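Residue-level structural notes
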Amino acid sequence: MTLNERLFAAGLLPAFDEALASRDRVALAEMLTAVDTNPGLANALLGEGYECWFCGSGISREHTDALHLGLSNLWNDAIAAPTQTIYAHFDCAHKRMRGAKMEIERETFSLDEADT
Ligand SMILES: [Zn+2]
């Protein structure tokens, strides 16, 4: 069953279209969950293909200091070592990845700095 068919069967199609038009992410996620569909799809439907690892909200181009984090095993020497990629708003990562002695530096990732 397609998403539209699921929404129609659940009587949610008009409300879903309305939520999409008003970009109501919370309502979209609730309705997607109600029809057994991944609520993360709301981000793609809103044109925000990246989801913040920490807060779960979409990351758009307006978040100019958003982060791409590649994780891999420290000791794996293989050239193509398996990696996991996560995305995050800078502020979310800064708050949740606070180090014991260091912190993530916003100016390192600022696009404005790169232009100068
Ligand atoms: Zn976030």
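Positions within a chain are numbered from 1, following the residues in the order the chain's sequence is written. Thresholds applied to this predicted model are a pLDDT of at least 70 for local features of residues and 80 or more for the giving and counting of side-chain atom pairs; totals over whole chains, interfaces and linings are not thresholded and use all residues.

1. So, the overall build of the protein chain
When you go through the protein chain residue by residue, the secondary structure sums to seven helices and four strands. Along the protein chain, helices and strands appear, N-terminal first, in the series α-α-α-α-β-β-β-β-α-α-α. Relative to the compact-globule value of 13 Å for 116 residues, the protein chain shows a C-alpha radius of gyration of 18 Å, a clear excess of over 25%. The principal-axis extents of the C-alpha atoms in the protein chain amount to approximately 50 × 35 × 25 Å. Think of it as a crowd count around each C-beta: if 20 or more other C-beta atoms lie within 10 Å the residue is buried, if 12 or fewer it is exposed, and in between it is partly exposed, with C-beta placed from the backbone throughout. The buried share of the protein chain, taken over its 116 residues, is 14%. Per the convention used, a helix needs a DSSP run of H or I reaching at least four residues, while a strand needs a run of E reaching at least two, with both numbered from the N terminus. Every radius of gyration here is taken over C-alpha atoms, with the globule rule written as 2.2 Å times N^0.38, N being the number of residues.

2. Focus on the domain arrangement of the protein chain
An automatic or database domain assignment supplies the residue ranges for each domain. On domain assignment, one finds that the protein chain holds domain 1 (1-47) and domain 2 (50-116). Relative placement of domain 1 and domain 2: their C-alpha centres are 29 Å apart.

3. A few points about the packing of helix α2 (residues 13-21) against helix α3 (residues 25-34)
Relative orientation of the contacting elements α2 and α3 amounts to 150°, with a least axis distance of 8 Å. Put simply, α2 runs roughly antiparallel to α3. Crossing geometry of α2 relative to α3 is assigned as left-handed. Residues A15, F16, A19 and L20 of α2 pack against A27, L28 and M31 of α3. Three categories are distinguished: nonpolar for Ala, Val, Leu, Ile, Met, Phe, Trp, Tyr, Cys and Pro, charged for Asp, Glu, Lys and Arg, and polar for the others, with Gly belonging to the last. Among the residues making up the contact of α2 with α3, the classes are represented as seven nonpolar, no polar and no charged. In this analysis an axis means a line fitted to C-alpha atoms, helices contributing only their contacting stretch, and an angle means the value between N-to-C directions, from 0 to 180 degrees. Geometric relationships in this document are graded by angle, where less than 35 degrees denotes roughly parallel, more than 145 denotes roughly antiparallel, 65 to 115 denotes roughly perpendicular, and other angles denote oblique. For any pair of crossing helices, the crossing counts as left-handed if the nearer helix is rotated counterclockwise from the farther one by less than a right angle, and right-handed if it is rotated clockwise. Two residues qualify as being in contact provided that their C-beta atoms, derived from the backbone, are within 7 Å of each other.

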